[in-house]
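Residue-level structural notes
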Amino acid sequence: MATKKKSEEHIIEINNLKKTYYTGDVETPVLRGLDLKVKDGEFIAIMGPSGSGKSTLMHIMGFLDKPTGGSYHFEGVDVSELSDDDLALVRRERIGFVFQAFFLLPRATVIENVMLPLLYQKHSHGHDMAKKALDSVGLSHRLDYLPTSLSGGEKQRTAIARALINAPSVIFADEPTGNLDSKSGKQVMNIFQKLNEKGHTIILVTHEKTTAQHAERIIHIRDGLIESEEKVKGRINYSDGDELLK
Amino acid sequence: MIKTFTKYLPIAWVSIKENMARTLLTMLGIIIGVGSVVLMTSLGKGAESYILGSVAQFGPDVIYINPGSPDEGLTGSITALDRLKYSDYLALREVDFLKDVTPFLAYDAIVTWRNETHKTQVIGVNKNYPSAFNFSVASGRFVDDNDMSSRQRIAVLGVKMADKLFDNRDPIGETIKIATTNFKIVGVMEEQGGNAFEDYDNMVFIPVTTMQTYLFGVDYLMTIAARVVGDLESGVEKTKNVIRHLHRIDNPEEDPAKDDFQIITQVQALDIFGTVSDVLTYFITSIASISLIVGGIGIMNIMYVSVSQRTREIGLRKAVGATNRDVLMQFISEAALISFVGGLIGICSGIGLSFLFYLVIIQFEPSWVFAINFEAVILSSVISALIGIFFGYYPAKRAAAANPIEALRYE
Ligand SMILES: Nc1ncnc2c1ncn2[C@@H]1O[C@H](COP(=O)(O)OP(=O)(O)O)[C@@H](O)[C@H]1O
Ligand SMILES: [Mg+2]
């Protein structure tokens with residue numbers, strides 16, 4: 001895929017984005033004309049009540065789903081022109097996902113789970129990359145554990161390491177703290193902030209105000225439309241956050 | 001192709017590990033299919049070697065003259081039973097292209113000594129029998145010319161029969177009853193062993209003339225065996241002409257249907273058993289194909305179940321960058337690997353079972369041979385992998401087409 005950048009530094013540019021589900025004769029409009037720009041290196045939170053279309057938007061931005069209307073440019077490239085294989089390639093090389101329910105393979109060890117994305121490409125030093133990724137989420141002591149023996153926070157940090165392994169430019173996180181206690185949730189948000197400082201663009205989906213307060217900017221959506229948008233004042237920031245991982 | 005597989009095999013392996021119990025279940029059909037192919041073909045090969053060994057025991061120059069034309073069956077039909085006369089034997093004894101000419105009558109009879117009673121095969125022969133069939137007498141003597149001409153009621157025992165009747169006693173000089181007639185024992189045979197058809201050690205041998213007179217009251221023979229001197233083919237031809245002359249059959253065009261006898265050579269016997277084992281092979285192969293197809297359908301079924309149960313895993317793999325082709329190849333490789341490993345397990349258990357069968361069979365047939373049909377082994381491992389690919393294709397296609405969103409929505 002061509003990675004020619006537009007002159008602006010926007011990594012994501014969405015115009016009048018629409019998504020309607022068709023089940024039989026029933027039409028369900030979920031996204032009804034969204035405009036959104038995300039700068040390279042930004043940390044945004046998408047907030048909204050359940051069913052407002054947050055996940056749908058994230059799946060489209062993450063190349064897992066296709067819009068039924070409007071346009072989406074990623075790194076200056078019109079996504080509608082990409083083939084399925086191109087989309088897989090972008091998912092593999094440019095982005096990472098973190099989900100609420102972790103989605104770890106239960107019988108693969110922590111490090112095997114982290115290395116999963118590497119199965120689909122050539123890597124001679126995958127093991128070292130996975131170790132480094134796990135180190136950055138504070139899990140170097142859990143390499144050969146099975147997911148079942150991990151706490152929820154550790155599971156989510158494993159999933160973050162998996163999202164990190166391909167050095168993605170954007171990390172999408174859909175309710176990453178939704179299944180976690182508040183302490184683990186803080187650890188996870190701290191990790192996202194540190195990754196953002198290192199230059200990763202973070203797109204966080206959440207319905208919790210405090211979680212959203214870790215981002216720089218909050219997009220409020222309701223009924224498939226952007227309701228409002230705010231710059232976060234009094235952003236929660238763990239400057240001494242490293243201790244949280246111990 | 002191979003290179004693509006080596007790329008996907010580690011992925012397939014991880015996911016087989018993920019689903020071990022189901023994987024083993026899936027393999028079962030293939031294990032049973034391949035296992036039974038290996039077992040059956042190995043037993044078949046063992047049987048073949050065993051039968052061929054039996055036939056080869058006597059040497060290639062032995063021929064059998066049986067009553068009845070070939071149309072009437074191999075050993076002569078009931079109606080043709082009386083075609084071969086004692087006079088035929090007497091005439092053949094005089095020709096120079098045959099030696100060790102042996103007349104045969106066989107008869108199942110009750111043999112009694114004091115309280116010991118056994119049912120066994122009583123064989124009427126002449127003095128040539130041991131040399132025609134490479135047997136020898138352990139003690140005493142065999143039937144001789146004098147026994148033949150004066151129809152002596154004497155008998156020679158196979159070593160097992162001697163043991164059964166007399167235990168450790170010396171049977172020579174004792175009198176036994178065959179049916180209701182008394183026979184004096186003059187000899188005991190060396191241990192000869194058995195083969196696929198006969199158990200020589202349990203037989204009782206008497207002069208064929210005595211048998212005709214006292215036990216049967218007939219003048220015909222069931223078989224005349226002989227060794228051909230010189231060229232086998234011309235010996236067989238000359239023998240045919242002698243018998244045609246004796247039977248007054250005019251058959252210059254050599255139409256076997258016109259003859260009232262047939263000559264079986266060892267070569268022919270080998271051919272016949274070759275045909276039998278070919279038929280057996282086709283039979284086994286068709287059974288095997290059915291079980292492999294059933295195994296393949298089993299794989300397809302379980303792969304479908306697996307695909308629908310693993311939509312989340314498939315969704316995740318796509319989310320982290322797997323292409324549709326990656327997923328397709330993963331599932332095909334998985335099916336191929338499952339059925340190939342199933343094939344290997346099947347081969348091992350087939351060989352193991354063949355050996356167990358062998359251990360059991362040699363209890364009854366000591367000259368049985370343990371054999372593995374390696375062609376079948378190689379063929380079935382290749383076929384089992386191909387079956388995996390073939391039957392794994394449609395489930396894999398469904399997996400590749402799965403929508404990652406459906407799987408990744410959190411419920
Ligand atoms: N395949 C589908 N067919 C029909 N409706 C769908 C489908 N997937 C999602 N929806 C609907 O789209 C709406 C938005 O869903 P979602 O994006 O998951 O919301 P959120 O993540 O904000 O809770 C919901 O009302 C949901 O029922
Ligand atoms: Mg959601």
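To start, this report covers the structure provided alongside it. (Residues numbered from 1 in each chain as written. Chains lettered and ligands numbered in written order. Predicted model: local features only at pLDDT ≥ 70, side-chain atom pairs only at ≥ 80, totals over all residues. Heavy atoms only, no water.)

Along its length, chain A carries 7 helices and 10 strands. Looking at chain A as a whole, 56% of its 246 residues are labelled buried. Long-range contacts, defined here as pairs at least 24 residues apart, represent 70% of the contacts in chain A between residues at least 6 apart. If you sum the accessible surface of chain A, you get close to 10,800 Å²; carbon and sulfur atoms cover 48% of it. (Helix = DSSP H or I, 4+ residues; strand = E, 2+ residues; numbered from the N terminus. Buried < 20%, exposed > 50% of the residue type's maximum accessible area, 1.4 Å probe, protein only. Contact = heavy atoms within 4.5 Å. Areas by Shrake-Rupley, 256 points an atom, 1.4 Å probe, with all protein chains shown as cover.)

The next thing to look at is the interface of chain A and chain B. Opposite the 27 residues of chain A that make contact, chain B presents 24 residues. Surface buried jointly by chain A and chain B totals about 2,400 Å² across both partners, of which 62% is contributed by carbon and sulfur atoms. The interface formed by chain A and chain B holds 1 salt bridge in total. In this structure, Asp326 of chain B and Arg92 of chain A form a salt bridge, with 3.8 Å as the shortest nitrogen-oxygen distance. Linking chain A with chain B are 3 residue pairs in polar contact (both at pLDDT 80 or more). Looking at the side of chain A that touches chain B, the elements with two or more residues in it are α1 (54–61), α2 (84–93) and β6 (95–99) of chain A. The leading source of residues in the side of chain A that touches chain B is α2 of chain A, at 5 residues. For the side of chain A that touches chain B, the residue count by class is 14 nonpolar, 5 polar and 8 charged. (Buried area = accessible area lost by both parts, 1.4 Å probe. Salt bridge = Lys/Arg side-chain N within 4 Å of Asp/Glu carboxyl O. Polar contact = N/O pair within 3.5 Å; in protein donor to acceptor, adjacent residues only side chain to side chain. Nonpolar A, V, L, I, M, F, W, Y, C, P; charged D, E, K, R; others polar.)

Below, the discussion takes up the packing of aromatic side chains. Residue and element names in this part refer to chain B. The full count for this structure, using the stated rule, is 22 aromatic pairs over all chains. An angle of 40° between the planes, with centres 4.9 Å apart, marks the rings of Tyr129 and Phe205 as tilted. With Tyr129 in helix α4 (residues 129–133) and Phe205 in strand β8 (residues 204–207), the pair connects residues that are 76 residues apart, well separated along the chain. Site record: aromatic cluster; members linked through ring pairs are Tyr64, Phe104, Tyr129, Phe133, Phe135, Phe142, Tyr200 and Phe205. (Phe/Tyr/Trp six-rings, centres within 6.5 Å; stacked < 30°, edge-to-face > 60°.)

Right, let's talk about the pattern of salt bridges for a bit. All told, the structure shown has 22 salt bridges over all chains when counted by the stated rule. Among the salt bridges present, the one from Glu227 of chain A reaches Arg222 of chain A, with a minimum N-O distance of 2.9 Å. Under the relative-accessibility criterion, Glu227 of chain A is labelled partly exposed at 49%. A residue is classified by how much of its surface remains accessible, and Arg222 of chain A, at 43% relative accessible area, is partly exposed. Note that Asp259 of chain B is salt-bridged to Arg244 of chain B, the shortest N-O span being 2.8 Å.

Moving on, we get to the site of ligand 1. Near ligand 1 the following residues occur: Tyr21, Val30, Pro49, Ser50, Gly51, Ser52, Gly53, Lys54, Ser55 and Thr56 of chain A together with Glu406 and Arg409 of chain B. Mapping the residues near ligand 1 onto chains gives chains A and B. Note that an oxygen atom of ligand 1 is positioned 2.5 Å from one of the side-chain N or O atoms of Thr56 of chain A. Expressed as a share of its isolated accessible area of 570 Å², the protein-covered part of ligand 1 is 70%. Per-element tally for the shell around ligand 1: the top contributor is α1 of chain A, with 3 residues. Residues of the shell around ligand 1, tallied by class, amount to 3 nonpolar, 6 polar and 3 charged. (Near = heavy atom within 4 Å.)

So, on to the sheet that holds strand β1 (residues 10–23) of chain A. Either a parallel or an antiparallel arrangement is found when strands of a sheet pair, and the pairing is made through backbone hydrogen bonds. Residue and element names in this part refer to chain A. Spatially, 4 strands are ordered β2-β1-β4-β5 in an open sheet, and the strand pairing comes out antiparallel. Strands at the two margins of the open sheet, each flanked by one partner only, are β2 (26–39) and β5 (77–78). With 5 bridges joining them, β1 and strand β4 (residues 69–74) adopt antiparallel strand pairing. Residue pairing in the sheet places Glu13 in a bridge with His73 of β4. (Pairing = 2+ DSSP bridges.)

With 76 residues, the main nonpolar core has Ile12, Met61, Tyr72 and Phe74 of chain A as its most contacted residues. Among the elements that line this core, the one with the most residues is helix α11 (residues 324–364) of chain B, at 9 residues. Among residues more than four places away in sequence, those in contact with Tyr72 of chain A are Ile12, Glu13, Ile14, Leu17, Ile60, Met61, Phe63, Val77, Asp78 and Val79 of chain A. Counting residues in hydrophobic clusters, the runner-up holds 58 residues, among them Phe133, Phe166, Val204 and Leu215 of chain B. (Core = buried A, V, L, I, M, F, W, Y, C linked by side-chain atoms within 4.5 Å.)

In short, shape yes, function no, at least from these values alone.
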